[in-house]
Amino acid sequence: MPMSPFYRDRLFPILPEIEAQFGTPFHIYDEEGIRQTGLRLNDAFSRIDGFREYFAVKALPNPHIMKIMRDLGFGFDCSSIAELVLSRQVGGLGEELMFTSNNTSAADFEEALGKGGSLLNLDDITLIPKVPQMPEVICFRYNPGPRRSGNSIIGNPVEAKYGVAHHQLLDAYACAKTKGARRFGLHTMLASNELNCAYMVQTARMLLDTARWITSELGIRFEFINIGGGLGIPYRPEDPPFDLDCLANEIYVLFEQFAADQQYMPRLYMESGRFMTGPHGVLVVKAINRKDIYRTYIGVDASMSALMRPAMYGAYHHIEVLGKSGRSDAIPVDVVGSLCENNDKFAIQRPLPPIDEGDLLIIQDTGAHGHAMGFNYNGKLRPKELLLRSDGRVELIRRAETIHDYLATLQFEPQRFTPKSSCKK
Ligand SMILES: *Cc1c(COP(=O)(O)O)cnc(C)c1O
């Protein structure tokens, strides 16, 4: 079921007032829902000592949301300098930050290792000599290649750009150890929006087996394994929710087996983004035009710059029209923005009740990889973000972009030079 009913029941009655106060379009998130999901996650894995979620910052990089994650005891998974800066601004420090970059630059390393440092999760064996100074703790991202199949968002591991190949793993850890690493972790991220518990359990099993193998070859212990993000959420009404208890119980069994033959239990880390915030956000837009040609088009006041997933992945986002849910007179429409691209559609041939100008449409499950994926093509500006607080207040947590933001990069000191080898007239 899309969007939690708990959020829906509290949000829908107050939407007209929120619209009157802030205007559309906006993403609005639910503090209480995020907190409850976080507590459920911590609770499910509480039997594994040192369990920690590193919230994947790219899913919802807003400091007001990230402070909620800090309250829950979470760390942050970052893959860019900006994400590290944000995480440190909300108080994340040292090993509370996981730096999972790929195609890493010298500047990335400098930021990751400076200012209190972070947990380095290296994406390739050739990066080892490029690390300015080998930290005490090092993790590698493992790409199992043909040993596993992926899923549609991340793709087949053989074709994925991420991670260290199986045949390079032993060399990678041996080399890091030679260079001074003393504590070790093992990471992978194979699937995205995966609703099948068994797939994620298989990922944990693969990491533990790989850790056993590396231990037997090199004699190093693993302080943690990190199963990545990728837990799915039900975007479609017929989708089942992800079975978190199944995952936690089965992983605990695997950890106990590991402890029995290895005489220790590693920590378990994960870096969920979507699972933490996806169902706790919606994009609220207003119908401003209706057009009947070969199909019926409902034009709304936001475009794909506010939510790329439908255009980028063909992703389904459930839509309700405020005050018109549950009616039986639905007709198929395309819900579109104003960008000059024909894939600028929030829904295609979606049965929706008759929509009048001024109706509010609630595009659901935009709490992860929603606003964050926005862009400025065609001069489209990103909308504001609001937060429904647990105490019932509604707070602006990011203003809408303005035309000044759009023009800001055109203000600079003039620079011009003549290359020496250029032909002079
Ligand atoms: C994007 C990403 C995540 C989060 O993925 P979700 O599908 O949102 O859980 C976690 N880890 C890494 C390395 C990522 O790139």
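Residues numbered from 1 in each chain as written. Predicted model: local features only at pLDDT ≥ 70, side-chain atom pairs only at ≥ 80, totals over all residues. Heavy atoms only, no water.

**A word on the domain arrangement of the protein**
- According to the domain assignment, the protein contains domain 1 (30–277) and domain 2 (278–401).
- Relative placement of domain 1 and domain 2: their C-alpha centres are 32 Å apart.
- With 26 residues of domain 1 in contact, the opposing surface of domain 2 contributes 23 residues.
- Here domain 1 and domain 2 share an interface that buries about 2100 Å² over both sides, 52% of which is from carbon and sulfur atoms.
- For the pair domain 1 and domain 2, the number of links is one salt bridge.
- As a salt-bridge pair, Arg-389 and Glu-31 come within 3.4 Å of each other at their nearest N and O atoms.
- Breaking the side of domain 1 that touches domain 2 down by element, the ones donating at least two residues are helix H3 (31–44), helix H4 (63–71) and helix H10 (274–277).
- It is H3 that contributes the most residues to the side of domain 1 that touches domain 2, six residues altogether. (Domains from an automatic or database assignment. Contact = heavy atoms within 4.5 Å. Buried area = accessible area lost by both parts, 1.4 Å probe. Salt bridge = Lys/Arg side-chain N within 4 Å of Asp/Glu carboxyl O. Helix = DSSP H or I, 4+ residues; strand = E, 2+ residues; numbered from the N terminus.)

**Observations concerning the site of the ligand**
- Close contacts around the ligand come from 14 residues, with Lys-58, Gly-230, Glu-271, Arg-274 and His-369 the closest.
- For the ligand, an oxygen atom lies 2.7 Å from a polar atom in the side chain of His-369.
- Here the ligand has 390 Å² of accessible area as a free molecule, and 89% of this is covered by the chains.
- Per-class residue counts for the shell around the ligand are two nonpolar, seven polar and five charged. (Near = heavy atom within 4 Å. Polar contact = N/O pair within 3.5 Å; in protein donor to acceptor, adjacent residues only side chain to side chain. Areas by Shrake-Rupley, 256 points an atom, 1.4 Å probe, with all protein chains shown as cover. Nonpolar A, V, L, I, M, F, W, Y, C, P; charged D, E, K, R; others polar.)

**Overview of H4**
- Of the positions making up H4, those classed as buried are Ile-65, Met-66, Ile-68 and Met-69. Considered in projection along H4, the buried side chains sweep an arc of 150° and stay on one side of the axis.
- Sitting at the amino-terminal end of H4 is Asn-62, which places a side-chain oxygen 2.9 Å from the backbone nitrogen of His-64. (Buried < 20%, exposed > 50% of the residue type's maximum accessible area, 1.4 Å probe, protein only. Arc of directions from axis to C-beta.)

**Some words on H3**
- Here H3 contains 14 residues, and its C-alpha end-to-end distance of 20 Å stays within 8% of the 20 Å for a straight helix at 1.5 Å per residue.
- Listed in full, the buried residues belonging to H3 are Glu-31, Gly-33, Ile-34, Thr-37, Gly-38, Leu-41 and Ala-44. (Expected span 1.5 Å × (residues − 1).)

**Overview of the layout of surface pockets**
- Here the second largest pocket defines a volume of roughly 390 Å³.
- Contributing elements (two or more residues each) for the lining of the second largest pocket: helix H1 (5–11) and H3.
- The greatest single-element share of the lining of the second largest pocket, amounting to four residues, is contributed by H3.
- Partitioning the lining of the second largest pocket into residue classes produces 11 nonpolar, six polar and two charged.
- Split by domain, the residues of the lining of the second largest pocket number at least three in each of domain 1 (30–277) and domain 2 (278–401). (1 Å grid on protein atoms, 1.4 Å probe; cavity = no way out; pocket = protein on both sides within 12 Å on 5 of 7 lines; lining within 4 Å. Points joined across faces, edges and corners; volume = space filled by probe spheres on them.)

**Looking at the packing of aromatic side chains**
- A complete count under the given rule lists eight aromatic pairs for this structure.
- Plain terms: the ring middles of Phe-45 and Phe-51 are 4.7 Å apart, the flat faces sit at 15° to each other, and that makes the pair stacked. As far as burial versus exposure is concerned, Phe-45 and Phe-51 are alike and both buried.
- Through a chain of ring-to-ring contacts, the aromatic side chains of Phe-140, Tyr-173, Phe-184 and Phe-222 assemble into a single cluster.
- The ring of Phe-6 has Arg-10 lying over it, and the distance from NZ or CZ to the ring centre is 3.9 Å.
- Taking NZ or CZ as reference, Arg-221 lies 4.2 Å from the ring centre of Tyr-264, over its face. (Phe/Tyr/Trp six-rings, centres within 6.5 Å; stacked < 30°, edge-to-face > 60°. Lys NZ or Arg CZ within 6 Å of the ring centre and 35° of its normal.)

**Description of the packing of helix H7 (residues 169–178) against helix H8 (residues 197–218)**
- Viewed as axis vectors pointing N to C, H7 and H8 meet at an angle of 55°, and their least axial separation amounts to 10 Å. Of the possible angle classes, the one that applies to H7 and H8 is oblique. Helix-helix and strand crossings are classified by hand; for H7 and H8 the assignment is right-handed. Two secondary-structure elements touch here, H7 through Leu-169, Leu-170, Tyr-173, Ala-174 and Lys-177 and H8 through Thr-210, Trp-213, Ile-214, Glu-217 and Leu-218.
- When the residues that make up the contact of H7 with H8 are grouped by side-chain class, the tally is seven nonpolar, one polar and two charged. (Axes fitted to C-alpha atoms, helices over the stretch in contact; angles between N-to-C directions. Parallel < 35°, antiparallel > 145°, perpendicular 65-115°, else oblique. Left-handed = near helix turned anticlockwise from the far one by under 90°.)

**Digging into the side chain of Arg-88**
- Among the secondary structure elements, Arg-88 is positioned in helix H5 (residues 81–89).
- Leave out the neighbours within four places in its chain, and Arg-88 touches Leu-97, Glu-111, Ala-112, Gly-114, Lys-115, Gly-117 and Ser-118.

**A look at the nonpolar core**
- Counting residues in each nonpolar core, the largest one holds 79 residues, and the members touching the most others are Phe-45 and Leu-247.
- In terms of residues, this core owes the most to one element, H8, which gives 10 residues.
- The residues that make up this core include at least three from each of domain 1 (30–277) and domain 2 (278–401).
- Apart from residues no more than four positions distant in its own chain, Phe-45 is found in contact with Phe-51, Leu-244, Leu-247, Ala-248, Ile-251, Leu-268 and Met-270.
- With 18 residues, the next largest nonpolar core counts Ala-306, Leu-307, Phe-346 and Leu-361 among its residues. (Core = buried A, V, L, I, M, F, W, Y, C linked by side-chain atoms within 4.5 Å.)

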